[in-house]
Amino acid sequence: MNQVQNNPLLTRADMARAAADMIAPLVSCLTPGRARMIVGEGSAHYPEDVAGMEGFSRVLWALVPMLIGKCPEAEPFWALWREGLIHGADPAHEEYWGDVGDYDQRMVEMAVIGTGLCFCPERFYDELTEAQQDQLIAWLNQINLHDMPANNWRFFRILVNLGFLKVGRPVDEGRLKEDLDLMESHYVGDGWYFDAPTKRDYYTIWGFHYYSLVYAAAMKEMDPKRCQRFIQRAQMIAPRFACWFDREGRALPYGRSLTYRFCQGSYWAAMAFAGVTAEGIGWGEMKGFLLRNLRFWLGMPIFDRGGALIVGYGYPNLCAAEGYNAPGSPYWGMKAFFALALPEEHPFWQAEEKPYAPPEKFLDEQVRLLITRDAENRQAVAYTAGNHAWEHMHEDEKYEKFAYSTQFAFSVTKEATTLSKGAFDSMLAVKRAGKDLWHARSGCDSFSLSEKEIRFTWSPMEGVRIDSVIAPCGMWHVRKHRIRTEYEIEAAEGAFAVRKDWAGKRPCDRISTAREADETHAAACGAYGSSVIFALGGYERGDMIHTEPNTNLMYPRCVLPTLRARLMPGEHTLLCAVFTDAGENCPDSIPEEVIRLAKSL
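Keep in mind that what you see is a predicted model, and the values were worked out from it rather than measured.

Q: What should I look at first to understand the overall build of the chain in this one?
A: When helices and strands are tallied, the chain shows 16 helices and 21 strands. Over its C-alpha trace the chain gives a radius of gyration of 25 Å, about what one expects of a compact globule, namely 25 Å for 601 residues. Once the C-alpha set of the chain is aligned to its principal axes, its extents read approximately 75 × 55 × 45 Å. A total of 601 residues make up the chain; the buried ones form 65% of that total. Taking all contacts inside the chain whose residues are at least 6 apart in sequence as the whole, residues at least 24 apart take part in 67%. With 64 positive and 79 negative side-chain charges, the chain shows a spacing of 3 Å between the two charge centroids.

Right under this line is the structure:
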């Protein structure tokens, strides 16, 4: 266990020390000219030299707030990163970051430099010679000369132009207005922005809201009306986003880019930096959200032996990574440290950390999630329909599972030829009898959501059409599928994947998850949570699937309670009840209220 994993993360000093402990192992990863950071092998869709620049830049998301907040821990690191900043922007230096083209990854990494110019120009600008200043501005200004995606990327150019504004350099007013207007057009209501109509995920939080709050902190006097809109939207989404967290600080594993991990809590840091609270969520609650999430993540095995973050989620894992996840990409999560820009006497740091109790059931129609939790908020479960993404790895698994849980991260498919390789947790998978490919939900023909249930119609493969309804009841939920098939098929219905076994602190302390399956149910129960699925009609038997290693995002070895059926051509109904618990509770029967709910569907 490295130093950062022993940090209690209770105070501002603890957080500053955690940031420093995370940056310290990276010093040896800097190139000789300090303009790139190479933390490991692997690749993304952009070249390795760009990936090295990305790693260098993303550490600045912690260094910038540390410099703003005058944290002494930042000084030895800033001396190195300032050297890299100078060399990277110098066309004559061998580590020059290069000329930028359209849709260039380096545009993403410019944003934090613009933020540094904006909020601590005395370090990012005044400490440079006049020639170095000119070179830095010229390199950054390339972002105004090229095309970029019409999504959250436009905030990167906004932040660069804000930096120019704050140091008295020419601003591309046309680009700035174009980008701000475009970002406004992505707002859909109830606090939610989206990159695209079907991409409803964390990018609203660590993209649109984070940068808009940074903008509001910088421009509240020069652009007060827009800043007020940004603030009001951030306040509106606060109680909605709070539903994504459980009492341990864990947020829903859902959607793309999950390797950014504790970036999940960065919104709360940006709220604090902009001086914004929300109804029912004051300084103490925001502090709790941010620090609990950081504590959870920094206690997970997400570092290599040298102390660097590794691509993955709950552990090092390339299986679920995006094509834009280079070895240094996880350091995007350093945005969570922006609360260090606030001085010790700020109300955020003076407040006592407080818990927050979201409602036990909340329907957020904008993001198409029905979120439930147990009375103690030990686990949050989100049910979804109508969310479908493209362009990214494992889109169906990241957006189209029937349910997502803070206790049980979802699994991704390695190969759909077997149930173990498919790892179809919280999914119904079907395949034609005698064939070798399983198919799960990938888009809905129609859907509806209410506080009572979620309904959707879908077709996993040609010749098979399914009408499904999912109805939660506490930590239980009922699933009903009306299946019309033109040929004989096999069906497999998965509950949540549970960690199979693990070692205690001593090698002799072996602990195993209890598991059982018969013709009526399948169950896996243990200290890392319990998942049970009961057949109520249409299934032939329960089964225990030992999923392929490294398919689950949170734990590398899991078992998946599953129900099996073989269906002849015609119409069939499958009905089951699924139970989930954050502890070892493993029911041997279905409560009467769940039975009544199932009969009513």
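Q: Can you walk me through helix α9 (residues 203–219) in this structure?
A: Given 3.6 residues to a turn, an α-helix orients residues that are three or four positions apart in the same direction. The first and last C-alpha atoms of α9 sit 22 Å apart over 17 residues, in line with the 24 Å expected at 1.5 Å per residue. Residue His 209 marks the point of greatest curvature in α9, where the axis turns by about 25 degrees.

Q: Help me understand the environment of Cys 525 in this model?
A: As for its placement among the helices and strands, Cys 525 is situated in strand β17 (residues 521–526). What makes Cys 525 buried here is its relative accessible area of 10%. For Cys 525 and His 477, which are 48 residues apart along the polypeptide, the C-alpha to C-alpha distance reads 17 Å.

Q: Looking at this structure, I do not really get the environment of Ala 326. What am I missing?
A: Structurally, Ala 326 can be placed in the loop between α12 (283–298) and α13 (347–350). Relative accessible area serves as the criterion here: at 0%, Ala 326 is assigned to the buried category. As a C-alpha pair, Ala 326 and Ala 44 span 282 residues in sequence and 4.8 Å in three-dimensional space. Every residue in contact with Ala 326, bar those within four places of it in the chain, is listed here: Ala 44, Tyr 46, Ala 51, Glu 54 and Val 311.

Q: Looking at this model, I keep getting lost on the sheet that holds strand β4 (residues 369–373). Mind explaining?
A: As a general point, the strands of a sheet are linked pairwise by backbone hydrogen bonds and lie either parallel or antiparallel. Taken in spatial order, the four strands of this open sheet run β3-β4-β5-β6, and their pairing is antiparallel. In this open sheet, the two strands that pair with only one neighbour each are β3 (361–364) and β6 (403–405). On average, adjacent strands in this sheet sit at an angle of 20 degrees to one another, irrespective of strand direction. For β3 and β4, the ladder comprises four bridges, and the chain directions are antiparallel. Paired with Lys 361 across the two strands is Thr 372, which belongs to β4.

Q: Teacher, can you tell me more about the packing of α9 against helix α11 (residues 266–273) here?
A: Each pair of packed helices can be summarised by the angle the axes make with each other and by the distance between the axes. Packing of α9 against α11 brings their axes to within 9 Å, and their N-to-C directions diverge by 10 degrees. What the angle tells us is that α9 and α11 run roughly parallel. Across the interface between the two elements, Ile 205, Trp 206, His 209, Tyr 210, Leu 213 and Ala 217 of α9 pack against Ser 266, Tyr 267, Ala 270, Met 271 and Phe 273 of α11. Grouping the constituent residues of the contact of α9 with α11 by class yields nine nonpolar, two polar and no charged.

Q: Before we go on, may I ask you to explain the packing of helix α4 (residues 105–119) against α9 in this structure?
A: The contact between α4 and α9 brings their axes to 11 Å, and the two run at 20 degrees. Classified by the angle their axes make, α4 and α9 are roughly parallel. For α4 against α9, the interelement crossing comes out left-handed. Note on element contacts: α9 touches α4 through Val 214, Ala 217 and Ala 218, opposite Thr 115, Cys 118 and Phe 119. Its residues placed into classes, the contact of α4 with α9 shows five nonpolar, one polar and no charged.

Q: Help me understand the sheet that holds strand β16 (residues 514–517), please; the structure alone is not making it clear to me.
A: Within the open sheet, the eight strands sit side by side as β8-β9-β10-β11-β21-β18-β17-β16. Their pairing is antiparallel. Where the open sheet ends on each side, the last strands, each with one partner, are β8 (446–449) and β16. Averaged over all adjacent pairs, the angle separating strand axes in this sheet is 20 degrees, with direction ignored.

Q: Just checking my understanding: could you explain the nonpolar core for this structure?
A: Within soluble globular proteins, side chains that are nonpolar tend to cluster in buried spots. Trp 81, Trp 244, Phe 262, Trp 268 and Phe 337 are the most contacted members of the largest nonpolar core, which totals 175 residues. In this view, Trp 268 contacts Ala 238, Phe 241, Ala 242, Phe 245, Ile 281, Met 286, Phe 289 and Leu 290; residues no more than four positions away in its chain are not counted. Counting 55 residues, the second-largest nonpolar core is a separate cluster that includes Phe 408, Met 461, Trp 476 and Phe 579.

Rules behind the numbers
Residues numbered from 1 in each chain as written. Predicted model: local features only at pLDDT ≥ 70, side-chain atom pairs only at ≥ 80, totals over all residues. Heavy atoms only, no water. Helix = DSSP H or I, 4+ residues; strand = E, 2+ residues; numbered from the N terminus. Rg over C-alpha atoms; globule rule 2.2 N^0.38 Å. Buried < 20%, exposed > 50% of the residue type's maximum accessible area, 1.4 Å probe, protein only. Contact = heavy atoms within 4.5 Å. Lys, Arg positive; Asp, Glu negative; His and termini not counted. Charge placed at Lys NZ, Arg CZ, Asp CG, Glu CD. Expected span 1.5 Å × (residues − 1). Bend = angle between axes of the 7 residues up to and from the residue. Pairing = 2+ DSSP bridges. Axes fitted to C-alpha atoms, helices over the stretch in contact; angles between N-to-C directions. Parallel < 35°, antiparallel > 145°, perpendicular 65-115°, else oblique. Nonpolar A, V, L, I, M, F, W, Y, C, P; charged D, E, K, R; others polar. Left-handed = near helix turned anticlockwise from the far one by under 90°. Core = buried A, V, L, I, M, F, W, Y, C linked by side-chain atoms within 4.5 Å.

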